[in-house]
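Okay, here's what each chain looks like letter by letter:
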Amino acid sequence: MTNARIDSTTLSNGVKMPWFGLGVWKVKDDGEAERTVASAIEEGYRLIDTAAAYNNETGVGAGIRNSGIARDEIFITTKIWNAHQGYESTLTAFEDSRRKLGVEVVDLLLIHWPVKDKYTETWRALEKLYRDGYVRAIGVSNFQIHHLQDVIASGEVVPMVNQVEYHPLLTQQELHSFAKSNNIQLMAWSPLMQGNLDQSILAEIGAKYGKSPAQVVLRWDLQNEVVTIPKSINPVRLKENADIFDFALTPEEVAQISALNSDHRYGPDPDNFNF
């Protein structure tokens, strides 16, 4: 069981990745990203998840450098955006991300969305970057089972991570089972349902442990063996989100929360999205 915010999962290639981290979607690159990342690291966060499309890689990199924590203690994830997909354009886009982040090696590089007729070529570029040592691990984001099957069939490396929308209203059990059977680590974006936490069972369980509905959901993520990256720019909320390692849900409580599933998405459907 995950009992500390520095605990890690071991990816299929042996690389250790923290179970818990910070997402920075919509965090502005005007000093806000730098401050938020530095605050999170001070609070004990060791995984920072950004993307080229977030337009804040420069601030994220500055926050990491100014944190006072050694680079090799921070796990950095970024992503190749849709407009940059394809073999050569992916290699170029990665160099741009690496320059903005100010790092020699990225810990995890993901394909942001499965752009039709492009994602297998994009994956081939990620494999090259991985073989050449510029990234420690490679994976995908928002991939359904059939997208994963395409990449596995056409590529030489099985994705190590699949980052998807995952929360109590969208448990994606079939996808999760497929990932587990192929040693692909599932990772949750928008784990707190964009603030829509008004489910009575979450409040009831939280009251039992003296925790908020948000903390209950994040703990549920971890006990389902899903890496979670809640986003906040508020130092108080950053601290609260990380305060989930001093209690554990019972198997019955995990099942109760999972039973909330209604296949409800707050973000786009990967199979019906205008890339």
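Conventions we followed
Residues numbered from 1 in each chain as written. Predicted model: local features only at pLDDT ≥ 70, side-chain atom pairs only at ≥ 80, totals over all residues. Heavy atoms only, no water. Helix = DSSP H or I, 4+ residues; strand = E, 2+ residues; numbered from the N terminus. Rg over C-alpha atoms; globule rule 2.2 N^0.38 Å. Buried < 20%, exposed > 50% of the residue type's maximum accessible area, 1.4 Å probe, protein only. Contact = heavy atoms within 4.5 Å. Areas by Shrake-Rupley, 256 points an atom, 1.4 Å probe, with all protein chains shown as cover. Salt bridge = Lys/Arg side-chain N within 4 Å of Asp/Glu carboxyl O. Phe/Tyr/Trp six-rings, centres within 6.5 Å; stacked < 30°, edge-to-face > 60°. Expected span 1.5 Å × (residues − 1). Arc of directions from axis to C-beta. Polar contact = N/O pair within 3.5 Å; in protein donor to acceptor, adjacent residues only side chain to side chain. Pairing = 2+ DSSP bridges.

Asker: Honestly, the overall build of the chain in this entry has me stumped. Any pointers?
Answerer: The helix and strand tally for the chain stands at 10 helices and 10 strands. Its C-alpha radius of gyration of 18 Å places the chain within 12% of the 19 Å reference for a compact globule of 275 residues. Oriented by its inertia axes, the alpha-carbon framework of the chain measures out at about 55 × 40 × 35 Å. Here the chain, with 275 residues, has 55% of them falling under the buried criterion. Residue pairs in contact within the chain that sit at least 24 positions apart in sequence constitute 76% of those at least 6 positions apart. Looking at the chain as shown, the accessible area adds up to about 11,600 Å², and 47% of this sits on carbon and sulfur atoms.

Asker: Would you mind showing me how to read the pattern of salt bridges here?
Answerer: For side chains bearing opposite charge, pairing can occur when the charged atoms are close. Tallied over the full model, the rule gives 15 salt bridges. A salt bridge links Lys208 to Glu253; its shortest N-O distance comes to 2.8 Å. With Lys208 in helix α7 (residues 200-209) and Glu253 in helix α10 (residues 251-258), this residue pair connects regions lying 45 residues apart in the sequence. Since its relative accessible area comes to 53%, Lys208 is described here as exposed. Note that Lys211 and Asp243 form a salt bridge whose closest N and O atoms lie 3.3 Å from each other. One end of the pair, Lys211, is in the loop between α7 and α8 (213-223); the other, Asp243, is in the loop between α9 (235-242) and α10, with 32 residues separating them in the sequence. Since its relative accessible area comes to 11%, Lys211 is described here as buried.

Asker: Please clarify how the packing of aromatic side chains should be interpreted in this entry.
Answerer: Each pair of aromatic rings is reported with the distance of its centres and the angle of its planes. This model, assessed by the stated rule, comprises five aromatic pairs. Judged by centre distance (5.3 Å) and plane angle (70°), the rings of Tyr119 and Phe143 are edge-to-face. Placement of Tyr119 in helix α4 (residues 119-131) and of Phe143 in the loop between β7 (135-141) and α5 (145-154) is noted, with a sequence separation of 24 residues between them. Classification of Tyr119 by relative accessible area gives buried; the value is 8%. Judged by relative accessible area, which is 0%, Phe143 ranks as buried. Ring centres of Tyr166 and Trp220 lie 5.1 Å apart, and the angle between their planes is 15°; on these two criteria the pair is classed as stacked. With Tyr166 in the loop between β8 (161-165) and α6 (173-181) and Trp220 in helix α8, this residue pair connects regions lying 54 residues apart in the sequence.

Asker: Looking at this model, I keep getting lost on helix α3 (residues 87-101). Mind explaining?
Answerer: Residues three or four positions apart in an α-helix share a direction because the helix packs 3.6 residues into each turn. The end-to-end C-alpha distance of α3 is 21 Å, a good match for the 21 Å that 15 residues give at a rise of 1.5 Å each. Residues of α3 that are buried: Tyr87, Thr90, Leu91, Ala93, Phe94, Ser97, Arg98 and Leu101. Seen from one end, α3 has its buried residues packed into an arc of 165°, which puts them on one side. Seen from the open side of α3, the exposed residues pointing more than 90 degrees away from its buried face are Glu88, Thr92 and Arg99. Considering only its buried residues, α3 is in contact with α2 (57-65), β5 (75-80), β6 (106-111), α4 and β7.

Asker: What exactly am I supposed to notice about the side chain of Asp107 here?
Answerer: Its place among the elements puts Asp107 in strand β6. Side chain to side chain, Asp107 and Arg136 meet in a polar contact 2.9 Å long. Asp107 has contacts with Arg71, Ile74, Phe75, Ile76, Arg136 and Ala137, leaving out every residue within four places of it along the chain.

Asker: How should the side chain of Arg219 be read in this particular structure?
Answerer: Relative to the assigned elements, Arg219 resides in helix α8. Engagement of the side chain of Arg219 in a polar contact is seen with the backbone oxygen of Phe247, the distance being 3.3 Å.

Asker: Would you take a moment to explain the sheet that holds β7 for this structure?
Answerer: The strands making up a sheet are joined through hydrogen bonds of the backbone, oriented either antiparallel or parallel. The strand order across the open sheet built from eight strands is β3-β4-β5-β6-β7-β8-β9-β10, with neighbouring strands paired in parallel fashion. At either margin of the open sheet sits one strand with a lone partner, and together these are β3 (22-23) and β10 (227-228). Both strand β4 (residues 47-49) and β5 contribute to a ladder of three bridges, which runs parallel. If you follow Asp49 over to β5, its bridge partner there is Thr77.

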